[in-house]
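What follows is the residue order along each chain.
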Amino acid sequence: MLILTKIIRNATISDMADVLNIYTYYANETTISFEEFVPEIFYFTKKLPNPGDRNVFLVYEEDGKILGYAYTSLYGDSYGYRHTRELSIYTDYEATSKGVGQALLNGMIDQLSELDIHILISVITAGNEPSIKFHLKNQFEEVGYLKEVGHKFDQFLDVHVLQRKLI
Ligand SMILES: CC(C)(COP(=O)(O)OP(=O)(O)OC[C@H]1O[C@@H](n2cnc3c(N)ncnc32)[C@H](O)[C@@H]1OP(=O)(O)O)[C@@H](O)C(=O)NCCC(=O)NCCS
């Protein structure tokens, strides 16, 4: 009998090549990411949490293969934003709609709640309906819509702003 091992765990620096590989598709082919060019690996290594900064970086691993990742960033630099984080979450484009994103978000919410993070924000490009549905299913509410704040592939892009209260 085939037994798949699926785990959610904290990311390490040695996962960053796989993380970059997942992101490359979204950067090159879609407006889901606003990067026009594939970043250097440092773009991700610098997002690994530092002690005490109350950020989280998770990967989803199935039989030794990384199929998705999620990390948080500060929402704003001001001290007053210290209980808020912004979420980035990506499933390998060949492994979407199989529960990877859900498992990552569950793990993320568990850890952020332990860290006393109050609000989690996601910013989603207009037209990315699967992601909007994913967030709405997970008790995020849409709180804003910003027009033409992004630009990629010769077009201005709108974004939805969604948030979820954690604690
Ligand atoms: C959004 C994303 C993280 C969701 O992860 P996923 O692994 O594809 O989603 P899951 O299989 O865990 O689905 C969880 C729920 O999300 C919703 N969902 C996921 N894919 C969907 C789709 N294509 N259409 C409608 N709803 C969808 C469903 O409600 C689903 O629950 P269900 O299976 O019980 O119906 C993933 O699709 C992704 O990486 N998209 C590109 C990057 C992105 O948009 N990131 C968010 C902005 S940073």
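To keep things clear, this report deals only with the structure shown in the data block. No experiment lies behind these values; they were computed from the predicted model shown.

Conventions adopted
- Residues numbered from 1 in each chain as written.
- Predicted model: local features only at pLDDT ≥ 70, side-chain atom pairs only at ≥ 80, totals over all residues.
- Heavy atoms only, no water.
- Core = buried A, V, L, I, M, F, W, Y, C linked by side-chain atoms within 4.5 Å.
- Buried < 20%, exposed > 50% of the residue type's maximum accessible area, 1.4 Å probe, protein only.
- Helix = DSSP H or I, 4+ residues; strand = E, 2+ residues; numbered from the N terminus.
- Contact = heavy atoms within 4.5 Å.
- Salt bridge = Lys/Arg side-chain N within 4 Å of Asp/Glu carboxyl O.
- 1 Å grid on protein atoms, 1.4 Å probe; cavity = no way out; pocket = protein on both sides within 12 Å on 5 of 7 lines; lining within 4 Å.
- Points joined across faces, edges and corners; volume = space filled by probe spheres on them.
- Pairing = 2+ DSSP bridges.

For the rest of this paragraph, the subject is the nonpolar core. Grouped together as the largest cluster of nonpolar side chains are 22 residues, with contacts concentrated most on L87, I89, L104, L105, M108, L112 and L120. Listing elements by their share of this core, those giving two or more residues are β2 (57-62), β3 (65-74), β4 (84-91), α3 (100-114), β5 (119-125) and α4 (129-137). Ranked by the residues each element gives to this core, the list is headed by α3, at six residues. When near neighbours in sequence (up to four residues on either side) are disregarded, L105 contacts L87, I89, L120, F134, N138 and F140.

With that settled, the discussion passes to the pattern of salt bridges. Overall, the coordinates contain two salt bridges when judged by the stated rule. We note a salt bridge from R9 to D15, for which the minimum N-O separation is 2.8 Å. The class of D15 is buried, set by a relative accessible area of 5%. Overall, R9 belongs to the partly exposed group, its relative accessible area being 24%.

Attention shifts here to the layout of surface pockets. Empty space within the largest pocket amounts to approximately 1,100 Å³. Along the walls of the largest pocket sit 39 residues, with I32, I89, Y90, N128 and S131 positioned nearest its centre. Breaking the lining of the largest pocket down by element, the ones donating at least two residues are α1 (16-29), α2 (42-45), β3, β4, α3, β5 and α4. The element contributing the most residues to the lining of the largest pocket is β4, with six residues.

This part covers the pairing of β2. Burial analysis of β2 places six of its six residues in the buried class, which makes it a mostly covered element. Side chains F57, V59 and E61 project from β2 onto one buried face, and the interleaved L58, Y60 and E62 project onto a second face that is buried too. Where strand β1 (residues 6-10) and β2 come together, five bridges link them in antiparallel fashion. Following the sheet pairing, K6 is matched in β2 by E62. By the bridge criterion, six bridges tie β2 to β3 in an arrangement that is antiparallel. Note on β3: the bridge partner recorded for V59 is Y69. Taking the residues that link successive antiparallel strands as the turn, the β2-β3 hairpin has two residues, and the phi of D63 there is positive, at about 45 degrees.

Purely geometric numbers; function is a separate question.
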